[in-house]
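What follows is each chain in one-letter form.
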Amino acid sequence: MTIDWDRAPLPLFETPLPLAQLSRIPEHVLLKACIAKYFNNRVAFFKEVMGVKKLETWQARELKALDDGCLRLSIRSGHGVGKTMFLAGCILHFLLTRNPCKVAVTAPSATQLFDALAAEVRHWLKEIERNQPAFSHILETQAERVFMKAAPEDCFCTYRTSRKESPEALQGIHADYVMLIADEASGVAETVFEAASGSMSTKGAITILAGNPTRGSGFFYNTHTKLRQAWRTVRVQGFESTRVDPSYIDEERLYGETSNRYRVRVLGEFPTGDDDTLIARSLVEAAQRRNITPPRAEPVYWGLDVARSLNRDKSSLAKRKGPVVLEKVKRWQYDNTMKLCGVVVAEYESTPEKDRPEAIFVDVIGVGGGVVDRLHELKLPVVGINVGETSSILQRASRLRDELWLNCRDWFMTNVVQFPADDPDTVEELVSVLVAYQSNGNAKVESKDEMRARGVLDGRSPDGADAVNLTFSRVGAITAGAMQGNTSKGALKRKNTRRV
């Protein structure tokens, strides 16, 4: 019997056909039938084509979300909940139901990318060929890619390890159908996602991020916090997956249910702070929830960080009265320091006299020196601070900049302070800085260049955090004699070294 495959409406995946007959089905007809049934029916594809016997509840829910048009999906999870199988199935479904299509997959390490996810794709492709022999000659796998044999340049999946030095892993992917996947996304540098923005902007492009939430900063973290309006965000706990052995959860519980290890590996929650983070996010977020009235007698101090670059950095002004940062850090981007001086003067003069600062601390390194000179001429209580100098009176820091960061950290650790709830940018800056300890026990806070090299904060400086830190400069200024006669309330004596 001769069959006109192009005209016959074949229920290829519903009515079993003899293997000999299946082997004669033209490839384009097979793909046409696959697209007709499974284009937006991922759960059926997983079960009928891949042969998955049982989907986790969260897997079926998110597959349905993709069917319904979700384009940006970010999944944070505990260990072993089935995310690798989920991603592998999404890749194979895309390759077999979209044409032409391009899939780009990245991960922070070759081990995770090739030994875990790529190996999972190979495993499920073999299962597909076993369950549906007609597919056995459609896709081919190689070390760094999977592609359709009939159109290797038009329909493929490529694996690219992500590195902050070469962030093009997800860059330059354009086709009628595009899917981008980042596995263990917490470890993927922000520069990689920046470079991927063009690919992500392709009409209808699907982006899936997945991983254990090991870092409380970076792009993956942001998709679950300040960018969550643009993403479908999912948390999968170990308790929610039948794949996770209860004994594993019991073992992790020994580290403490409030430990970062338990939060990340079982609860699928971001850590309260990285081990080498100077200021824990939990401290700052707790301060944002408080409502504190500062003591009336407490002086007000302003900190002004003058931007050294007009590309991304902004001059920033913070205001603090004892245990309260009074308002969201103000930021400006001007092409000369005199404009900045003008806006600071206006800010000062518009402040009621009783609320004016006792001192305005300005970092004099770089262009800040000119701002100090001009504000001094205008009779503002300005005090120049060189944060590159040796620490003032603390033995635990090498430079004044390190000391100011430690002072800020200690301020938050008192747990009786308030920080503006509407200043997410400054919060990210405060919690993104790392600290290391030298052989003499002194703390060395991460420099701005080191932060840029790490790819945090989109490469910009922590200007707002630096402005907040400058409000803690009083002790350093007194030690250096800089505040005598320079404040709005008269000279401060050198012997008065109370930390504020």
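This report concerns the structure included in the present document.

Considering the overall build of the chain
Logical step 1: Within the chain one finds 19 helices and 16 strands.
Logical step 2: Burial status across the chain gives 53% buried among its 500 residues.
Logical step 3: Looking at the chain alone, contacts between residues at least 24 apart form 67% of all its contacts between residues at least 6 apart.
Logical step 4: Accessible surface, the chain as shown: approximately 22,200 Å² in total, 50% of it carbon and sulfur.

Focus on the side chain of Glu190
Logical step 1: Positionally, Glu190 belongs in helix H7 (residues 190-195).
Logical step 2: Buried and unpaired, Glu190 has Arg215 as its nearest opposite-charge partner, separated by 5.3 Å.

Things to note about the pattern of salt bridges
Logical step 1: According to the stated counting rule, one finds 29 salt bridges in the structure shown.
Logical step 2: One salt bridge in this structure joins Arg61 and Glu62, with 2.7 Å as the shortest N-O distance.
Logical step 3: Across the pair Asp183 and Lys83 runs a salt bridge whose closest N-O atoms are separated by 3.2 Å. Residue Asp183 is located in strand S6 (residues 177-183), and its partner Lys83 is located in helix H5 (residues 83-97); the two are separated by 100 residues in the primary sequence. Summarising the burial analysis for this pair, Asp183 and Lys83 share the class buried.

Some remarks on the environment of Thr158
Logical step 1: Inspection of the secondary structure puts Thr158 in strand S5 (residues 155-161).
Logical step 2: Thr158 sits 53 residues away from Val105 along the chain, and the two C-alpha atoms are 6.2 Å apart.
Logical step 3: Contact partners of Thr158, with chain neighbours within four places excluded, come to Val103, Ala104, Val105, Glu144 and Arg145.

Considerations on the packing of aromatic side chains
Logical step 1: Tallying each qualifying case throughout the model produces 13 aromatic pairs.
Logical step 2: Arranged with centres 4.5 Å apart and planes meeting at 20°, the rings of Phe193 and Phe219 form a pair that is stacked. With a gap of 26 residues between them, Phe193 in helix H7 and Phe219 in helix H9 (residues 219-223) connect regions that are remote in the sequence.
Logical step 3: A residue is classified by how much of its surface remains accessible, and Phe219, at 17% relative accessible area, is buried.
Logical step 4: Taken together, the aromatic side chains of Trp411, Phe412, Phe419 and Phe472 make up a single cluster linked through ring pairs.
Logical step 5: Against the face of Tyr348 rests Arg356, its NZ or CZ located 4.8 Å from the ring centre.

Observations regarding the environment of Lys328
Logical step 1: Mapping Lys328 onto the fold places it in the loop between strand S11 (324-325) and strand S12 (330-332).
Logical step 2: In this structure, the C-alpha to C-alpha distance between Lys328 and Asp425, residues 97 residues apart in sequence, is 9.6 Å.
Logical step 3: Setting aside residues no more than four positions away along its own chain, Lys328 makes contact with Pro420, Asp422 and Asp423.

Quick notes on unusual backbone geometry
Logical step 1: Going from Asn99 to Pro100, the amide bond is cis rather than trans, its omega being 0°.
Logical step 2: Locating Pro100 in the fold gives a position in the loop between H5 and strand S2 (101-107).
Logical step 3: Phi at Glu184 takes a positive value of approximately 45°, unusual for a residue other than glycine.
Logical step 4: Within the secondary structure layout, Glu184 lies in the loop between S6 and H7.

Some words on helix H15 (residues 400-413)
Logical step 1: With 14 residues, H15 should cover 20 Å at 1.5 Å per step; its first-to-last C-alpha distance of 20 Å lies within 8% of that length.
Logical step 2: For H15, a buried count of 12 out of 14 residues is recorded, marking the element as mostly surrounded by other parts of the structure.
Logical step 3: Residues of H15 that are buried include every one of Leu400, Arg401, Asp402, Glu403, Leu404, Trp405, Leu406, Asn407, Cys408, Arg409, Trp411 and Phe412, and no others.
Logical step 4: With its phi angle positive at about 60°, Asn415 sits one or two positions after the end of H15.

Thoughts on the sheet that holds S5
Sheets are built from strands paired through backbone hydrogen bonds, the pairs being either parallel or antiparallel.
Logical step 1: Read from one edge of the open sheet, eight strands run S3-S4-S5-S2-S6-S7-S1-S8, paired in mixed fashion. Looking at which strands have only one partner, the edges of the open sheet turn out to be strand S3 (139-141) and strand S8 (232-236). Pairwise comparison of adjacent strand axes, ignoring direction, gives a mean angle of 15° for this sheet.
Logical step 2: Seen against the sheet, H5 touches strand S1 (72-77), S2, S3, strand S4 (145-148), S5, S6 and strand S7 (206-211) and runs at an angle of roughly 165° to S6.

So, the packing of H5 against helix H6 (residues 110-131)
Logical step 1: The contact between H5 and H6 brings their axes to 9 Å, and the two run at 60°. On the basis of the axis angle, H5 is oblique to H6. The element H5 and its partner H6 pack so that their crossing is right-handed. Seen from H5, the contacting residues are Lys83, Thr84, Met85, Leu87, Ala88, Ile91, Leu92 and Leu96; seen from H6, they are Gln112, Ala116, Leu117, Glu120, Val121, Trp124, Leu125 and Ile128.

A short note on the state of the cysteines
Logical step 1: Scanning the model with the defined rule gives zero disulfides in all.
Logical step 2: Unpaired in this structure, Cys101 has its nearest cysteine sulfur neighbour in Cys155, at a distance of 3.2 Å.
Logical step 3: Residue Cys101 is classed as buried on the basis of its relative accessible area of 0%.

Remarks on the packing of H15 against helix H18 (residues 463-470)
Logical step 1: Following both chains from N to C, one finds H15 and H18 inclined at 85°, their axes separated by 9 Å at the closest point. Here H15 is positioned roughly perpendicular relative to H18, judged by the angle of their axes. In this structure, H15 contributes Leu404, Trp405 and Cys408 to the contact, and H18 contributes Ala465, Asp466, Val468, Asn469 and Leu470.
Logical step 2: The residue inventory of the contact of H15 with H18, partitioned by class, reads six nonpolar, one polar and one charged.

Conventions we followed
- Residues numbered from 1 in each chain as written.
- Predicted model: local features only at pLDDT ≥ 70, side-chain atom pairs only at ≥ 80, totals over all residues.
- Heavy atoms only, no water.
- Helix = DSSP H or I, 4+ residues; strand = E, 2+ residues; numbered from the N terminus.
- Buried < 20%, exposed > 50% of the residue type's maximum accessible area, 1.4 Å probe, protein only.
- Contact = heavy atoms within 4.5 Å.
- Areas by Shrake-Rupley, 256 points an atom, 1.4 Å probe, with all protein chains shown as cover.
- Lys, Arg positive; Asp, Glu negative; His and termini not counted.
- Salt bridge = Lys/Arg side-chain N within 4 Å of Asp/Glu carboxyl O.
- Phe/Tyr/Trp six-rings, centres within 6.5 Å; stacked < 30°, edge-to-face > 60°.
- Lys NZ or Arg CZ within 6 Å of the ring centre and 35° of its normal.
- Expected span 1.5 Å × (residues − 1).
- Pairing = 2+ DSSP bridges.
- Axes fitted to C-alpha atoms, helices over the stretch in contact; angles between N-to-C directions.
- Parallel < 35°, antiparallel > 145°, perpendicular 65-115°, else oblique.
- Left-handed = near helix turned anticlockwise from the far one by under 90°.
- Disulfide = S-S within 2.5 Å.
- Nonpolar A, V, L, I, M, F, W, Y, C, P; charged D, E, K, R; others polar.

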